[in-house]
Each structure stands twice: as C-alpha cells, then as structure tokens.
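Residues per chain, in single letters:
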Amino acid sequence: MNVDKQRDAETSEWCSRWRQFRQSSIRVRFNFHTLSLIGIVAAMAYTGAVQNNGAAYLLCFLTGTIAAMSWIRAWENLRGLEVVAGRLSAEKAGLESKLPLEIRATGSQAVWGVEVLSAGSQKWSFIEQIENGQKLVVSVALPAAEIGVEPSIRVRLRSGYPLGLFSAERDVIIAQTRKSHPQAEGVLPPPAADLALAGTRLESGQSAGQPGREGDDFAGVREWQAGDSLRHVDWRAVARGRPLLVKQWASETGAAVTLDWSKVDLEPSARASQMARWIESCESSSTPYALRLPENEIAVNLGPLHAQRCLDALLEVAGVNQAELQEVQKSKRLPPGHEHSSFLPRGLLLALCGMLMLVALPVMDITPIAGLFVLFACIACRLILDKRLPNGVPIAVLGVGLGMVHFLQPTGLFSMEGGIATLVILLGAKLLESRTPHDFQVLTMIAWFLCLCGLLSEQTLSRSLWTLLTFFGIAVCMVRFRRGRLELLPPLRLTGTMLLQALPVALVLFFVFPRGAFEALSQFGTQRTRKTGVSEEMEPGQVSKLAQSSEPAFRVEFLLSDPPPNVNRYWRCVVLWDGKGLSWRRGPDWPIKRRVRLPKAGDLKQIITMEPHGRQWLPSLDVPVLARDDGRMILPDMSDMLVSVEPVNSLKRIEVISRLTQDSIELTAAQRAMALELPRSLSPQVMQLAQQFKQAGKTDLKIAQSAVGYFQEQGFQYVLDPGTYQGSGALDEFLFDRKAGFCEHYSAAFATLMRAAGIPARVVIGYMGGQWSPRGGYMIVRQSDAHAWTELWLEGTGWTRVDLTAALAPGRMDLDLRTLLAGEGELERQRNSYFWRGSKALQLWWDGVEYDWFNSVISFNEESQIEWLTWLGLGRWRGQPMLLLCAGVFLFALLTLLFWLRRPARQDDAWARAWRQLCFKLERSGLPARMGHEGPLDYAQRIGKLRPSLAEEMKRLAEIYARARYGSDQTGVGDFERAIKLIR
Amino acid sequence: MSSDLTLPANLTLTTADALASAQRLKVLTAALSQIILGKEKVIKLAVTCLLARGHLLFEDQPGVGKTLLSQALAQSLGLQFRRVQFTSDLLPADILGASIYQRETGSFSFHPGPVFTQVLLADEINRATPKTQSALLEAMEEGKVSCDGMPHPLPVPFFVIATQNPSSQIGTFRLPESQLDRFLMRLALGVPDRASEREMLQGRDRRELLREMPVAMAWSELEAMQKLVRLVHVAPALLDYLQDLLAASRRQGHGLSPRAGLALLAAARAWALLEGRAMVLPEDIQAVGVLVMGHRLIGDVDEAERLLTETVIP
C-alpha cells in the first residue's frame, strides 16, 4: 500500500513538475538574429553538399551545435535566478518608486548579462554578473501608478546571453500589493472637533475633581499670580532658589475630529486627496481623528498605524478598479533595453575591427581587393572619428562600393563573387553606423558568413584553421557584447568552453551525417577557385611563367610498387597537334576513338590527387592505360591523353594505371596528315635545316638523332627566362639568333623541324620530376616541374618520347628547376646548410599534414563514410537511419549540456552535506520535508513524533550534528555518514 | 548551593559546566514559579534577560502580576528593589535625584533619587513625558547619573524592569524606537491557565509568600554565570543564520540595528546556557527571537514571526 502511494506520489510529483515546466515563465525566443543564423547554417550545409567540401560541413555542424547549446545556456541562465523582493512601503500615487530586489544565483553557474525591468517603466537595470551563490540587490523603477491597489507587481528579466542569437525572458510575479495612497492636497480646512472623548480611557486620577486643575496632563510651569492657590506652587523649585512657579495642567484635547467622506463636496480623487491632507494635519497636530466612509468606519485613534489604516481604507473607496488596472498594465510596452541602448567600449571595437579584417582577408581570393580597401577605410573612419556620422554617409559608401564592384569584378555584380564583395562593403558601411550591441550583432553574423566564404576558394588545413580562429574570435566578441565590463578573459573562457563542448558533437555529426542525402544538389554547384596548371595551348613563355610557382600541382601515391626512377617521371597532361612555330594548340576535335588496353602485370598503379585547374585534362604517368574517376572508367584517347567529363574545378582524386613503355600502333591517314602539318609561315632557313637532318640518316631514328646532335653541338642554352619570342619570326630568332630557350621553345622547335623533315611529331605538355615525401609516402609534383617535350612517331616503336632538355641539360633529370638554375655552388651551399634542410623538411612535413587533412576531411564523401561504417560493423545503415542517428547524437549532446549546467552547487561543508543527505533520505521515505527554518533538534523532535521508531536514533544524530556544526568540534563526519546509511 | 562555581581556567565552556549551571538556574526558576504560578516560560525568559545583562520591558494589561514578578526576581537574588510609579507629572529630577541647597554648609549636596537601587521597577513608563523617559533610559545606558557636572555611579548590578500598558490607548506617550531598543526583551505575562489560577485563588496570599521567600541564588553566583554566558560557543554557521535574519529584516526600510543583533546573540547565548548547552543552536535564536525583535520592528510580533519562518537556516 505504501509503495503504491509512494509511486502515486512520485508520478504526481513528476506531473506537477511537468506542468510547472509547461507553465514556467522562462521563454527563449527567436529573434532577428536567429533568422540570420538559420540562413548561415543552411548556406554552410549547402556549400558542403554542393562542393563536397568537408571543411564547410564541419563548420556547419559546429555552428549549428554552438547555436543549439547557446539556446540551452540562455534558458539555464535565467532559470538559475532566484528573485526575492524587498518590502515596498505604501507611497503616494503619481510618483515613481523603487522596488528593491534581491537576486541570487543558485546553482553552479554564474549568471551573466541580465537586465531587470518592470512593466510600464522606461528604466532598466543591468546586472553584469552574479557569481554562483552570491546575491545582488537591484533597484527596479516602478512606474507612477494611479490611486489604488495593484495586487501584484510584474517584473521581467531579459537576457541575450550568450551569443545574442536568442532572447531569453522570464516574468516574475511578485505577490506584493502595491498601494498607492492619494497625494495629500487640498485647501479646505479640517472640520471642527465634534467628538467629545468620553474619557473612557483616561485614568481618572484624584486630581480630576480638583478645582483649578483643568486636566491631567502636566503642561509646564508659569509664574505665580495673585489668586492662584498656594497648593499649586512648585515648592521644590522654590527650595532651589527659584521664584514662585505654578504647575499648569491641561486636559488632553478632549475632542476628536471626524473625517466624513460624504460631507466633502468634491470628485472622488480630489476628495481622497483632501482627506489625506486632513489626516496629515491631524497627525502633525496630534489631534485624534476618526474616519467615516460609505462602507467603513474607523474609530478614533492617533498614530502612524492608524494613519496607515485610514489611508488604506481611503484606497478602497477612491481607488481605481483593480481589473482596469490589470488591463492598463498589460498594454504598456517594454523599453528597448540593453541590446538597443548601451554603447560599446573602445577596446572591444578595436578587437572587433581586427577580427573583421582577418575575416575579409581570405575572401580576397575571389573578390577584388578594392573591397578590402573600402573595409579598411571604413574601419579607420570609425575608429578615428568617434562621433556619429550623418545618416547619408553609410549609404553613400555602400553605393560607391557597389559601383566599384560592378566595374572591377569580371563576373559582374550578380554573381557569387559580386555578392561576396557586396557583403564586404556592406560590412564596412554597417560598421560606420553601428552603435548598439544589436547593430554589432548584425555585423558579426555577416562576418560568420564571410568565414564560410573563405572556405570556398581553398580548403587546406591552414585555411580551415584560420577560419576556425576567426570564427572563435567573432564568437568571443558576440559574448562580450552582452556584458558591460571591460575584461576580455571571461568571454574568452566562456567561448572556449562552448567551443570545446561543441567540437566533439560536430566531429561525430561529421562522420555520421549521411552525405549521399544531398548528392542531387552537387550538380548545381559552381566552383570558383584559384586555378593553376598547364593550359591546353602553348605560347612561348607560358610554361616558364608557370614554372616560377612552387605550388603543388598534384600528389601521387604509388600502390604496390616503388616510384619510378627520375628518368621515367614524365607526367602526361595535354597533347598538342596544331603547331605554328613556337605556339602550339590542341587541334581540331575529331571523333575520339578510345584506345582500349588491358592492364598487365608490371603496370604502375597510382592514386593521383590533383589541385583544381579548371580544364579537362587529367595527369598521369606516361603512358596511361586506364583511369578511374569516382567510379567512372576513363580510357585514353588517340593522343594517349586522359580527358575528364567535366572540368576539374575542385580537388580531385583519380586512380590511374600506367605503363612505362609505349605500344606500337598504326597511324591513320588523317592522323598522319595532322601530325605532319606545317605552318604556312615557315622560313626557308628552317626548311633547309630540316632537309639537312633528313639527309643525315636513312631511318627516322637517325634523323632524330642527328637533330638532337645538332642542338647539342650548336651551343644552345637552357634558361628559364630567355626573353620574349614574338611574332612570326620567333622560331627563326630562337633557332638561329638567340639560341637560348626553355623546354617549351625546344620542344616546339624540335617538333616543327621533325615535321618539316617528314616525321610525324606532336608536343606533349605536362610535368617532369617530383619530390618524394617520406612521411606521407607520396610524391609531390609542383608547378615548377612543368615541362614540355616532343613525341615522334617512329616505325616500329610508335609514338616515342624525345626530350631535348634531357640532352641539353641532363641535370634537370635529377634536380628540380630552381636548384638547377641556381648553379652548382649554390647547390652545395644549400645542401650543407641546416636551415635549408630544416626548412625543406618542415615544408614537406606541412605538406604531408595538408595531404592528410585533404584525405580525411575534405574528400570525406559517401564512399569513405560507407567504408568507415562498414569497418565499424554498421555497414547496413544508410539514409534514413543515419539521419535518425544524427538527430539522436545531437539531442544527446544537448541533454548532456543541460545536466551539466544544472548540476547542484558544490557544498563545501561536509557536515552540511551529510545533514542534507539525511533530510533528503527521510523525505524520500515519506516523511514531510524539513522546513527551511527548522533547526536540527526541532526537526528531530517532529520526526520522532511522526515515527516513534526513529525517535531515539534521530535525536542522537541531531545532537551529534548540532554539536559538530554549531560547536567547536568538527571531527567525526565519517561516523555520522555511516550512521545515516543505517537509518531506514 | 551544592557546588561552588568558579570561572574555568581556560576560556572555553565545557558541556559539564553548562549542565551544572543549568541545574543551578533551574533551582532559581523553580523558586520563582512558586510565587508566579503557571508562567514557567516567562520566568525562564526573564532569567535569560538577567543573565544577558539586559533590561526587561513588560507590556501587558494591569493585574497580571508584573510587579510581583519583578519583586520576586529581586528578592530571589537578594538584590535591593525599588519601585517608581510613572505619572505624567514626573520630572527627571524625581527619578534621578537633585542637588539640594544646604543652608548649613552653604553648598549643594546631591540627594540620590530612586534610581539608585539594584533592581528598579519603572511602572507604566509610557505615562511619563518623553523627557522623563529619556532621563531614565540615559541612566540605564551609561550606568551613572550626572548632576551639575558631577557623575554619580549607579550600583552594580543595575536592572530596570519597565512595564507599560499596550500602546493602543490614548493618553500615553509611546516609547520611541530608539528608546525601545535599549530593552533587551519585551515580555508579556498574560493570564494564567485555569489550574494555576485555581491554585492562586485557593492558596495563600502571594505577597506574604514573597515576603517569606528565601534567597535562591547569591548574586555572585549569577554574576559568575553571566560570565559563563559570554563563553558559550557561537559557530560561524550560526552567525550566518543570524546575519541572514538581520538582512531579511532590513529589506524594508531599516529593520534591525546592530545593537539588536548583539542583543539577539546575547539572549540566545543565555538561553543556551539555561538549556544546559555549551553552544548556541538556531533553536535558541528562534526561542528568544520574537521577544527580542518584536518591539524593535515596525510590523511588531507578526513581522518577527514572519522573519523567523522565512529565513532558511544555512
């Protein structure tokens, strides 16, 4: 029976708790910033889905989690407050008054950034921070009220903590009546004394009947006059040498005044004021008075309590109807508050401007740099001129900025880059006119969006870290807006905590969120990234320009075999057929027939991870046999070139199988014609040279060899920057005048000569060489390895590679370009210096880290997700269950945060903790709880009465506790705790 | 007296000493209960007030035995007792004394007033003018009377037991708050219950009994116990509770003064000693709280009770 009752009691307790929750007066509302937050998170998710950008996904999950956690924190912030009102004494109507409120932070978290205001008043008080367990007394201004009684006072607590993304509100109804007494004004004289006090309460002393003695109260002495009885003389004074003095007696005013409501001829409110004035004057002249009201009569009396009672009675008659008052209260609007009124200190402004600059920098990859200048100018303006600029200035700035974007941005104003540039300028313009936290919050939301934009162009680890740091910095500024104090450390700590709490959740979501869900969106993606790489045409000087950058072009991992030696490290990218002297192009697209070859043992399998270059060629080790791109099989065409279906606009990963030896194939007539085509403007000198070669040997091979020999003997130089070769005479200039060039010149000239000598030739551009990274286990091929070479079709061997550079500068095979050109001495010096080696090693290490980042985060797509899940044994989960799992993880994280925030405050006193445990245990077993003001002995006595079996033990325990807590001996907690456990 | 109480050598009070003191005080209260029937709690509180070296204010209707109790108190301790009936024509000199010109010597000599006694009963103190009231209260506070520039010390011990009728009657000068603050406790006797009243009606004359009452405790013993009261241990937790009470009273206007806090603590200590404890518990504060705080607060007894029920023991 007891158990059932207990269970019922428990369920009813839970029900009442749930009901309390439902009715709880804390509301966390969405506001304008929440909308922009939702937009930003959606944009991040969209970017991640469309570009398959893992970093964007990570940022999206992080933002979403932090926002959700800030919702919970906002709730808990207000929940942990306890509001106790001081006593409000009755005041006069029509005046503002102050209500003292004591606000205590219970719970384990401090309370931050709360403003307190009461309905109807325009003034609010802002509370910075209350440490947990501390109290703060705040005076809340109450608005002027009408004459009457307000049954309760409504106080509202508002907060935008922590990130300002939600507005939390809590209404506290203080059950204190507020009596507004009528103001004392009126000019009528008080009524005459009409009540004769019957002397019922006066002590009738012996003196009452004496003549000459008018009353009972001593009223001082006066000079003796002839006729006064000698009995009334103050003889003591005479004994002391004073003249004859007579004691005077006065009766107390034997009459009292009646203040009658019906006898005053005024309006009710004026009547009430008049009577208040009379009451005041009666009190000051110590005249007792009685009050007569239509429904009430108060007997004659005097004193402050009596005055209070009379004024309260007046209220009932003259006061405004209570129901009316309530309605009036509800319609009053609340003042704007801290978010819209306070100003930011200078240090914070500086920090915010710094953050904005950092955010805008990465975006400059894809937008014109003029936007950054505008932003910088606005920041400088704002920091230097501290006064309020006229309203037209920000709009003018915006207009000027938009115009600049329109003219400077090639893709125009309405493209993605244009939009981002507009945002940067908008940031600057808004900064000029921002004053309040609300305005700055808008700025920070824009800045968060720009963080995302920074990830659009580059997703390397360094960029991602930069984005994370700026994100964190902006969040710190957001938290700082909600406070007024000048320190930066508490917001840093808070933001750090939030970030640390959100990161694990974001990481788990990153792994678990189903990527395939938004595959359909990826076709909508437009990617604008920096693109570098060999182009599909060759002009003199292009390759050398490309070769000046040491950015990585692609990275190659070799599976199942070692990397090939230097001699064979030719990477084939584009094949050019249409040549005009030193300039070559790809040539017309004829129906491309694929070369189908099956992979053999001995073929090299590579995984190539390439940076985007915007074109459709794919690099491969010479000669490619087969490639696989995202499940699709790509076969090389007749040029042995791999072409992808779509342009390579993002980091791409392909699998290539290559064979080092070329197969012999037959040339079709069309191909042969194509491969022998000569430019019309070929000079006779060149033709002559070609004839010279032709006569040198019978076979094509011999012709080629003689040509190579010619180049070697004629003192041709291999230099990176041979000057510009332009115009139709470029080839002649190169071959006969300057005799200095780069691989592009040599390959183009050689191919032309060979064509002129009747050998089918074509030019191949690609890369040569590559740096092996021991840590990563892959080879990096950089732009500086860009190379061009010639291919000749020889009878019996097919298309053969002939690289003039190998003949002219054999060192190029082994070294990279830079060191080669720098010369031998430099090389020695570099090799021996620790700095060089150290920096090289660091570079390689960082490149390895970036490669890992790319592999694990950026290219984490559906494939890798499925792999990972299969490894975990959850291979069957795809699609719907994954979404459920995501939601589950998210909710779990939020609940964990909730419980962490709600942990009870630490009780430092061991004895108090033990006592509390005992009380809680007794309460759970069905006994009524200990009242707050009940001391230990009283409580033990009460328990003893309710449950006699426990009486003895409780008394003993209570005495032990009392002696320990209030006495001088604090030892023995352990025994006490053990004894508690034994109680049933 | 069975045991001779001496001050402990070290400055801590042991439970044994406390229990012994409690036993002795029980004897005193028992003796007093013979005279005033059915009012053990009030007698205990009055003794508490004495132990805490405070002055007592009785506020009650006439005829419940206030004078009797005061006389009994004085007599049981073997102290000199004097009574002054306050009327509205009482002058300060009538209480304190005056310098009278002596014709023989040609100088003034001081004739002490009734205040120069060990226990003074000031009957119906609210009938006197404020000037007279303040003269008495000043003497209470300073322990001496200054006349013509010469200080005349009051005897030790000096207790004032004042009585007043409930203040809602006209014709009285209600004691202002600052003066009320000087009284440690305000007690109300009330009418005895039926059985005690029966015994009183049937029994002997109370005054005769009073005349025959022997000295229950020597003054020196009580003085020693007053010193013991000061040694009763007060823990920080208890001071937290006390200060919470004081802060709660100050939420509306000015509440309890620091003197009130000291008074409350002293009374709680004395009560603890009476209960035989060497330390003060929150129950002690609650036992004497209403009586110590009631007359100092605007809201009177109701507010004092509200404070006690609303303040949570930390």
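Preceding this section is the structure that the text describes.
To start, this report covers the structure provided alongside it.

Thresholds, definitions, all that
Residues numbered from 1 in each chain as written. Chains lettered and ligands numbered in written order. Predicted model: local features only at pLDDT ≥ 70, side-chain atom pairs only at ≥ 80, totals over all residues. Heavy atoms only, no water. Buried < 20%, exposed > 50% of the residue type's maximum accessible area, 1.4 Å probe, protein only. Helix = DSSP H or I, 4+ residues; strand = E, 2+ residues; numbered from the N terminus. Core = buried A, V, L, I, M, F, W, Y, C linked by side-chain atoms within 4.5 Å. Contact = heavy atoms within 4.5 Å. Pairing = 2+ DSSP bridges. Axes fitted to C-alpha atoms, helices over the stretch in contact; angles between N-to-C directions. Phe/Tyr/Trp six-rings, centres within 6.5 Å; stacked < 30°, edge-to-face > 60°. Lys NZ or Arg CZ within 6 Å of the ring centre and 35° of its normal.

1. Concerning helix 12 (residues 282-293) of chain B
The buried fraction of helix 12 of chain B amounts to ten of the twelve residues, a majority that puts the element mostly inside the structure. All of the buried residues along helix 12 of chain B are Pro282, Glu283, Asp284, Ile285, Gln286, Val288, Gly289, Leu291, Val292 and Met293 of chain B.

2. Some remarks on the nonpolar core
Residue and element names in this part refer to chain A. Core analysis: the largest hydrophobic core is formed by 118 residues, its most contacted members being Leu163, Trp448 and Leu450. It is helix 3 (residues 54-79) that provides the largest number of residues to this core, a total of 16 residues. Apart from the residues lying within four places of it in its own chain, the contact partners of Leu163 are Ile66, Ser70, Gln441, Trp448, Ala475, Met478, Val479, Arg482 and Met498. One finds Phe554, Phe693, Val708 and Leu753 within the second-largest nonpolar core, a separate group that totals 85 residues.

3. Details of the pairing of strand 8 (residues 159-164) of chain B
Residues and elements named next belong to chain B. Strand 8 sits mainly inside the fold: six of its six residues count as buried. Along strand 8, one buried face is formed by Phe159, Ile161 and Thr163 and the opposite face, lined by Val160, Ala162 and Gln164, is buried too. Sheet topology note: the strand 1 (residues 55-59)/strand 8 ladder contains four bridges and is parallel. Within strand 8, the residue paired with Leu57 across the bridge is Ala162. Note: strand 5 (residues 119-123) against strand 8, four bridges, orientation parallel. Within strand 8, the residue paired with Leu120 across the bridge is Val160.

4. Comments concerning the environment of Trp112 of chain A
Residues and elements named next belong to chain A. Among the structural elements, Trp112 can be located in strand 5 (residues 111-118). Between the alpha carbons of Trp112 and Ala74 there is a distance of 9.7 Å; along the sequence they are 38 residues apart. Here Trp112 is in contact with Asn77, Ile127, Glu128, Gln129, Ser159, Tyr161, Val479, Arg483, Pro490, Pro491 and Leu494, once residues within four sequence places are set aside.

5. Concerning the sheet that holds strand 5 of chain B
Residue and element names in this part refer to chain B. Here we have five strands laid out as an open sheet, ordered 2-5-8-1-9, and parallel in their pairing. For this open sheet the edge positions go to strand 2 (81-85) and strand 9 (183-187), each flanked by a neighbour on one side alone. Adjacent strand axes in the sheet meet at a mean angle of 20 degrees when their direction is disregarded.

6. A word on the packing of aromatic side chains
Across all of its chains, the model carries 34 aromatic pairs over all chains by this definition. The interplanar angle of 70 degrees and the centroid separation of 5.9 Å between the aromatic rings of Phe510 of chain A and Phe511 of chain A together place this pair among those described as edge-to-face. Overall, the relative accessible area of 3% leaves Phe510 of chain A in the buried class. Relative to Trp799 of chain A, the ring of Trp577 of chain A has its centre 5.6 Å away and its plane inclined at 80 degrees; by these criteria the two rings are edge-to-face. Within this pair, whereas Trp577 of chain A is found in the loop between strand 20 (570-576) and strand 21 (578-580), its partner Trp799 of chain A is found in strand 36 (residues 798-802), the two being separated by 222 residues in sequence. On the basis of relative accessible area, Trp799 of chain A is assigned to the buried category, the value being 2%. Taken together, the ring pairs connect Phe693, Tyr710, Phe711, Phe716, Tyr718, Phe734, Phe742, Tyr746 and Phe750 of chain A into an aromatic cluster. Sitting over the ring of Trp799 of chain A, Arg762 of chain A keeps its end group 3.8 Å from the ring centre. When the ring centre of Trp271 of chain B is taken as origin, the NZ or CZ atom of Lys44 of chain B, which lies over that ring, is 4.6 Å away.

None of this, on its own, says anything about what the molecule does.
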